[in-house]
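# Observations on the three-dimensional arrangement
Single-letter residue listing:
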Amino acid sequence: MDGMLPIVLGVGLTLFVVWQIARSHFISGDQLDHDPENYGAEQTRTLNDQRARCLQVLRELELDFATGKVSGEDYNQMRAGLGRELVQLVSQLKGLQNN
Amino acid sequence: MTHGFSSLSPFGNYALCLAWGLSLFGVLAGIYAGRSHSRAWLHSVTNSTIAVGICAVVSLVVLAIGFATDDYSVQYIWQFSNRDMDLIYKITAIWGGMDGSMLLWAGMLAVMGALVAWNSRKQSRLLMPWVLAVINSSSMFFLTITLFLTNPFRYIRADFIPPDGNGLNPLLQNPYMAVHPPTLYLGFTTLSVPFAFCMGALLSGQISNEWIRLTRRWTLIGWGFLTAGIVLGGHWAYLELGWGGFWAWDPVENSSFLPWLTATAFLHSVMVQERKNMLKIWNIWLVTLTYGLTVFGTFLTRSGVVQSVHAFASTDIGWVFLVYLAFLFLLTAGMIWYRRAELRSERKIESVLSRESAFLVNNLIFLSITFAVFWGVMFPVFSEWLGDKKSIGQPFFNAINVPLFLLMILMMGVGPLIAWRKADPKRLLNTLIWPLLGGLALALVLVWGGVPGFYPPLAYGLCFFVLLAIGVEMHRGLRVQRAASGENGSLVGDTGVMLRSHRSRYGGYLVHVGVLVVSVAITASMAHKTEQEFTLLPGESFEIGRYLITLDGMKEIENPNYVALHADATVTIAKSGKFDTVLSPELRRYKRSQETTTEVALRMSLRDDLYLILAGVAEDGNRAAMKVFINPLQVWLWFGALIMLAGTVVVILPGAQQTVTVAEVSDATERA
């Protein structure tokens, strides 16, 4: 084994990690939002995931209500809560699309 | 000294140092980013956490290269490898001893941290700096131990490089050992992620159910790996240890089982928090307990406080784990106290007869089993403190845990059918009556049919009850779906729609079915096992159960690694005289270590396993001393575990949850 190889590899790895840590301090805030991935697109995806999950919980609630495992009072209360959450998510999504 | 920069090991050690330094940076920078809300520092800590993972993987790869190239200048490689070993076992030897297994653990933890960091870019900027600080602190703890106390890159303490190594323990030279420990470690390390999110939420003050939502998949993946790891370990023990069983309540087996129990409890109780915003503090404790128990397992295997067939030699690093555990629990208690106002439940359990209560009972059963197993494991230590060291074995664990497990099975049937908040007793009884009668009828038929004992018929009856309850639940769901589809739907189509629309729910039931299959297999193999010891001359036969075993002959086999005494035995069906198979058990003596192992010969079938061991040569020198077990329904244990894993995959996989239509959103928002 070449005696220099561990040293060369060590130096290479050090430079790589130092660059990884330091580079965020040399770029502007806007670039941070869009680098390495488009922040807006990521936000949209996250909100869509949350919306999908919210709807899934709603579907489960519907099934529980239909099979008698949730009382009418609870069903209305929980459905209203989920609905409010969905309204919030949809308005956040619309806000992102407008921007 | 002939060693120095002649191998890559200094680079591996350097990568480990770098990982340690980066994890320290990650903790400090994470805290700073959390307090200052600085985007640049969050970006920086995200990248450094990914770099910790990269450096730890580099370190592991360098150690693997050292094993593959027989670099005996490194003490650990010399200790656990030799030139005659196959490449697969040279790689397996990485986790054959303590130093390498600690590096593997630290490496996997760092990779989990890197994955969390990679995904953090799309998650809350208020929460993530704290999450990354916590996950870096976990990595730092394990990297500290690896780097300063159990460094696998230490050079051998000799003035020359030995020409060959000591070799790996023969028991570990088994394909299962290539996958069992890494799978288990994947489970342990993945379960550190929910803890990091939970602590991150407490530290940042982002105490909504967001951390639960973000970690649900991590918890399921960790639980799946832990389940797979435990079952693989059981299968290894079954095939390799030659005692006819798969689980001995050994301290090391228990150390993987303890976090599995609390993780299972958490997976259930988290549903109450998601639905009803209750049990918040309870869930925080369950997550902490689960992570703490993974650390406790490491303490158990490394400290030498308890005796185990698996445990590594006694070392002086146990106290480090104890200090860390104490810190974990104090931190959790402190944070819960600090956030007590925000953690107060919005609702209370209103009725004993409710889904919330059922989940709580389920949790209490899991925690009772956890406590019983913990007590059994630690009893030798506690009794030694009182002056008289005693250990307790299988009878204790079975006596306590069998009734608790049966109670848990009962709850598996009742829980899914009971209503939230307050169930109507009459309605619940109407729903449960047929499953209950079915289970009772089966138990009575089995007693009448001569199935011995109290627990076995009860266990089969309860499993049947749960199976019927799942059937009732699915039938009710299908009825709702059929009503919604109207005249247009077909039975098959509606079933498909129902399963796809409620994938998590029915995936969970599939896991329950897997548990039932495992339970039946464990009951059958424990309660109806047959075992016999006998000696045979070539040509002689021995009858056991429905099998007739005839010894064809014995011979000695020479291998570069070992010398084996090999027997061939023909198995015929006793009643019909029909040839079935030839079994060839071996007794091996490994040349280097002089250790003896039994190689079990196994005939597996859906009905039972015929498990044959060659114990040695009887006193007269010609007779083969053998031991045979018939384990009924044993193979179903492994099938059941596969069903559990399949169910977990169904719950985890993204799919139906993502396909939401605009109409559904509008509909739901309109209703709001």
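Presented here is a report on the structure given in the accompanying data block. Quick caveat, the model's predicted, so the values are computed rather than measured. (Residues numbered from 1 in each chain as written. Chains lettered and ligands numbered in written order. Predicted model: local features only at pLDDT ≥ 70, side-chain atom pairs only at ≥ 80, totals over all residues. Heavy atoms only, no water.)

## A short note on the overall build of chain B
Inclusion rule: By definition, any uninterrupted DSSP run of H or I lasting at least four residues is a helix, any uninterrupted run of E lasting at least two residues is a strand, and each is numbered from the N terminus. Exposure categories follow from relative accessible area, calculated using a 1.4 Å probe and restricted to protein chains: below 20% of the type maximum is buried, above 50% is exposed, and the middle band is partly exposed. We call two residues in contact when some of their heavy atoms are within 4.5 Å. Working convention for charge: Lys and Arg count positive, Asp and Glu count negative, and His plus the chain ends are omitted. One atom stands in for each charge, and that atom is NZ of Lys, CZ of Arg, CG of Asp or CD of Glu.
The helix and strand inventory of chain B stands at 21 helices and ten strands. Overall size of chain B, expressed as C-alpha extent along the three principal axes, is 85 × 75 × 60 Å. Per-residue burial over chain B gives 57% buried out of 672 residues. Restricting the contact set of chain B to residue pairs at least 6 apart, pairs at least 24 apart contribute 73%. Positive and negative side-chain charges in chain B, numbering 48 and 42 respectively, have mean positions lying 14 Å apart.

## Overview of the overall build of chain A
Applicable threshold: Note on areas: Shrake-Rupley with a 1.4 Å probe; residue coverage comes only from the protein chains shown.
Within chain A, the regular secondary structure consists of four helices and zero strands. Secondary structure of chain A in N-to-C order comes out as α-α-α-α. For chain A, with 99 residues in total, the buried portion stands at 38%. Sequence separation of 24 or more characterises 56% of the internal contacts of chain A that already satisfy a separation of 6 or more. In the structure as shown, chain A presents an accessible area of about 5,400 Å², 56% of it carried by carbon and sulfur atoms.

## Let's talk about empty space enclosed by the protein
All names here are of chain B. The condition that has to hold: In this analysis, the protein atoms alone were mapped onto a 1 Å grid. Cavities are point sets where a 1.4 Å probe fits without being able to get out; pockets are open sets with protein on both sides within 12 Å along at least five of seven lines; lining residues have an atom within 4 Å of a point. Grid points are joined across faces, edges and corners, and a volume is the space filled by probe spheres set on the points. Classification used: nonpolar for Ala, Val, Leu, Ile, Met, Phe, Trp, Tyr, Cys and Pro, charged for Asp, Glu, Lys and Arg, polar for all others including Gly.
One pass over the full model with this rule turns up four cavities of 30 Å³ or more. Lining the second largest cavity are Asn82, Asn166, Gly167, Leu168, Pro170, Gln173, Asn561, Tyr590, Lys591, Arg592 and Ser593. By residue class, the composition of the lining of the second largest cavity is three nonpolar, six polar and two charged.

## With respect to the nonpolar core
Residues and elements named next belong to chain B. For clarity, the threshold we go by: To define a nonpolar core, start from buried Ala, Val, Leu, Ile, Met, Phe, Trp, Tyr and Cys residues and group those joined through side-chain atoms within 4.5 Å.
The biggest cluster of nonpolar side chains holds 166 residues, and the ones touching the most others in it are Val116, Phe142, Phe197, Trp211, Trp260 and Phe321. In terms of residue count, helix α2 (residues 39–68) provides more of this core than any other element does, 13 residues in total. Apart from residues no more than four positions distant in its own chain, Phe321 is found in contact with Met102, Phe141, Phe142, Ile145, Val295, Thr298 and Phe299. In terms of nonpolar packing, the next biggest core, distinct from the first, is built from 22 residues, Ile549, Ile573, Ala624 and Val628 among them.

## Some points on the pattern of salt bridges
Applicable threshold: By definition here, a salt bridge exists when the distance from a side-chain nitrogen of Lys or Arg to a carboxyl oxygen of Asp or Glu is within 4 Å.
Per the counting criterion, the structure on display carries 27 salt bridges over all chains. With a shortest N-O distance of 3.0 Å, Arg482(B) and Asp494(B) are connected by a salt bridge. Linking Arg482(B) in helix α17 (residues 455–485) with Asp494(B) in helix α18 (residues 491–501), this pair joins segments that are twelve residues apart in sequence. Where Lys627(B) meets Glu531(B), a salt bridge forms, and the shortest distance between an N and an O atom there is 3.6 Å. You can see Lys627(B) sitting in strand β10 (residues 624–632) and its partner Glu531(B) sitting in strand β1 (residues 530–536), a full 96 residues away along the chain. Connected through salt bridges with shared partners, the residues Glu60(A), Asp64(A), Lys69(A), Arg275(B), Glu473(B) and Arg505(B) form a single ionic network.

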